[in-house]
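Each chain, letter by letter, is given below.
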Amino acid sequence: MPCHHLGLTDASVLHTRHLLLTDQAVGDLVESEAMGAVVGPAGLGKTFAIARAVEARSEPVVSLTFEGRPTMRLVADRLLHAFTGSPARGTRFAMTDELLNRLAERRRLIVVGEAQNLTRDCFEYLRHLHDDPATRFALVFDGGDGCWEVLARELMLRSRIYRRVAFSALTDADVLKLIPAYHPIYANADPELLVLINDEAAHGRLRSWAAFTHTAAAICEHAGTAGINAKIARGTITQLGATP
Amino acid sequence: MSATIDVIVDRHDDFATVRGMHRLAAAHATVLVVTIAPDQRTAPAVVWAILRALGKRTDRLGSRTPTWPDAKRWLVANCIRELVVLRAQHLTDETFDALRTLADGDDLHLTLVVNDGRHDAARLLGSEITTAEAVFDRSRRVARPANATPRWPAVPRSHALRLRFDCLRALEPAPFQRVDQLLNATCRSAEAWFSAHARPTQPAIERALGVLTAASNPDQAHIRRCATQIASWRFGLADPEPISTMPPTKSLKVDGIRDVRAHTDAVTGARRLAELLTGLEPELLDLVGGDQLTEAGVLGDEIPESTRPAARTLGQPHGPVLRRPRPARRRQSSATPEAGQRARRTDAFPLIVGHLLEGRANCVNTDEIPDRALTALEDLVAQRILEIRRGVLRASHVALYSTFGSRWTPSLSTDIQMSRATDTA
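1. Considering the interface of chain A and chain B
- Counting from both sides, the interface comprises 19 residues of chain A and, opposite them, 24 residues of chain B.
- Of all residues in chain A, A:F93, A:D97 and A:H128 give up the largest surface area on contact with chain B, accounting jointly for 34% of the area buried on that side.
- Where chain A touches chain B, the interface holds eight residue pairs in polar contact (both at pLDDT 80 or more).
- Sorting the residues of the side of chain A that touches chain B by element identifies α4 (92–105), α5 (120–131) and α7 (155–158) of chain A as the ones contributing at least two each.
- Ranked by residue count, the leading element in the side of chain A that touches chain B is α4(A), at seven residues.

Listed below in structure tokens is the structure:
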């Protein structure tokens, strides 16, 4: 199982609609060797959901994350490095050639994190690798704000997206349904308190829920109490510096 | 020649078009589909896109940079008649022009798939706008490559020591020149092999001659056989019987075919093909002549259709083609026969013939010749290969001409000189 944010212990996986959709989408993409996108604002659990879905697969997985604005050469270089374990050498066409050969060897899954950082050329380059009739890989773009806008703007990219999962923040109803099972400190929590935490600290974001829980659990342990109460919740919100 | 250029404007690089074009290429061997990656701005990258589509691999490219002549050579060798360029919008003006020149030169039907016709409007001026469906439905003939190997002329089954002369008299200039080149090249190859091996074993000689005389055509085989006989005698060796100790031509597996097709360098690819098919050791592969490795076959045996492009690019020189040409080792009359080879001369006949073929100044008194050898030599006299006057044997001009003696190297002037001399006689 992938690690929760901040290494939160004793937390269970929240089977949100998006998590289940991501599971299904990754499976479909791998089976069809197709391209897909898991998009949505930061902290909603996209990367966690993908990591969990990938765990269930037996195919080799290459995960890449690009900071800043990568060039096509950097994309090729990082991909090759992931396959060979050593820095890529040779001309760009030789690198592309080797990549095409490697990607034709067997079915794989490539996950590109922070895909919103990719330029149009980089998307185009990945599409070039994917469109080659010999290559066999599924490609998942894991992207935050702006990722889908870039993909959707170019119909040549948009039309190739076989599965799309658009993450959104947990609603109050989601919180009430799922959070009591998330961590032991919420097992008997007052529903109004959970809604308050969501409103003031988590804002429907799973990453924020993990951060809150990590801090609250420590306070609970220090206070010798098993469950969260309003006082601990307020103290945690203060510690996190969360604002409504 | 001027190529036809069609343009398909596919605004969204529709995947159906991509798939359809690849299916088209899979169904028709004369159609090649290449995809231009967004980073393929340079000529080598575009050339490589073509070569890759033809099965070439960068790990078989060595340190070479692929060039347009490479693309041209292999497109022709693979009998490609239509080139479909997907994502042609990524071509620079320079590479677009080079591609058009390539297509013009080879009368190649070029189909460019672009996603924005307006962007490329200027350079596509004059091209036909068409659709993917029209390209799919285009009528195509099954292209059989024209056999580039002309038939061998029928040559007289003369004695080796007068074959050249008899061909000069019997054949038209063009076929004669072809025979002459093969005879000379094979003779030189055999001599080079004898020079390089001071003490060859009899099986080694027979195997080498087995390669040198292998041919897919009886006339070609006769010329090659005569050439090795001349070389043997010039080295004072009894005419060894060439034996084919090569294993039967092997069938190539898919990996082998891929390996052969992966090479961009024509010689390396052809050498790999010959190696895989014949199983010959490197030294014997060095002896394979251009006329022995053609699309028709290697050393007389047929080669798989899928590997023929590797043989088509070699051209048809008659000398060894599977290695870098090395300076011919010119045999100095004073240096031969070498000590090791002298030791091998146990038979008087080749010893005497080799001595006489060194020039008219060399002669042998018949009284000094053992009876058994003299009988064989008198047979050559009857064929006007040797002359006997007052009990002295000499090589005739016919023999010296036929064995490329010092005055009779291949050239039009020596041919004319020989014709006149014998006409007068």
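2. Thoughts on the sheet that holds strand β1 (residues 5–9) of chain B
Residues and elements named next belong to chain B.
- Read from one edge to the other, the open sheet built from five strands follows the order β2-β3-β4-β1-β5, with strand pairing classed as parallel. Because the sheet does not close on itself, it has two edges, and the strands there are β2 (31–35) and β5 (128–130). When strand polarity is set aside, the average angle formed by the axes of neighbouring strands in this sheet is 25°.
- Sheet topology places β1 next to strand β4 (residues 109–114); five bridges connect them, and they run parallel. Residue pairing for β4: I5 is matched across the bridge by L110.

3. Looking at the side chain of B:T278
- Tracing the backbone shows B:T278 in helix α11 (residues 266–278).
- With relative accessibility at 3%, the residue B:T278 sits in the buried group.

4. Describing the pattern of salt bridges
- A full pass over the atoms with the stated rule returns 37 salt bridges over all chains.
- Linking B:R234 and B:E191 is a salt bridge whose minimum nitrogen-to-oxygen distance equals 2.7 Å. Taken as a pair, B:R234 in helix α9 (residues 218–234) and B:E191 in helix α7 (residues 173–196) lie far apart in primary sequence, 43 residues in all. Taken as a pair, B:R234 and B:E191 share a single burial class, namely buried.
- Put simply, B:E387 and B:R360 hold a salt bridge, and the shortest N to O gap is 2.7 Å. Of the two residues, B:E387 is situated in strand β9 (residues 386–389) and B:R360 in the loop between α15 (348–356) and β8 (364–365); the sequence distance between them amounts to 27 residues.
- On the basis of relative accessibility, which here comes to 23%, the residue B:E387 falls in the partly exposed class.
- Residue classification places B:R360 among the partly exposed positions, given a relative accessible area of 28%.
- Three or more residues are tied together by salt bridges with common partners; here these are A:E31, A:E33, A:R57, A:E59, A:R107 and A:R136.

5. Structural notes on the sheet that holds strand β3 (residues 108–113) of chain A
Residue and element names in this part refer to chain A.
- A sheet is described by the order of its strands in space; here five strands give the open sequence β2-β3-β4-β1-β5, paired in parallel fashion. Only two strands of the sheet have a single neighbouring strand rather than two, namely β2 (61–65) and β5 (161–166). In this sheet, adjacent strand axes meet at a mean angle of 15° when their direction is disregarded.
- Examined bridge by bridge, β2 and β3 share five bridges and lie parallel to one another. Bridge assignment links V61 to a residue of β3, and that residue is L109.

6. Thoughts on the packing of helix α3 (residues 72–84) of chain A against α5(A)
Residues and elements named next belong to chain A.
- Relative orientation of the contacting elements α3 and α5 amounts to 45°, with a least axis distance of 9 Å. Regarding the angle of α3 to α5, the classification is oblique. In this structure, α3 crosses over α5, and the sense of that crossing is right-handed. Facing M72, V75, A76 and L79 of α3, the residues of α5 in contact are D121, C122, Y125, L126 and L129.

Criteria and thresholds
- Residues numbered from 1 in each chain as written.
- Chains lettered and ligands numbered in written order.
- Predicted model: local features only at pLDDT ≥ 70, side-chain atom pairs only at ≥ 80, totals over all residues.
- Heavy atoms only, no water.
- Contact = heavy atoms within 4.5 Å.
- Buried area = accessible area lost by both parts, 1.4 Å probe.
- Polar contact = N/O pair within 3.5 Å; in protein donor to acceptor, adjacent residues only side chain to side chain.
- Helix = DSSP H or I, 4+ residues; strand = E, 2+ residues; numbered from the N terminus.
- Pairing = 2+ DSSP bridges.
- Axes fitted to C-alpha atoms, helices over the stretch in contact; angles between N-to-C directions.
- Buried < 20%, exposed > 50% of the residue type's maximum accessible area, 1.4 Å probe, protein only.
- Salt bridge = Lys/Arg side-chain N within 4 Å of Asp/Glu carboxyl O.
- Parallel < 35°, antiparallel > 145°, perpendicular 65-115°, else oblique.
- Left-handed = near helix turned anticlockwise from the far one by under 90°.

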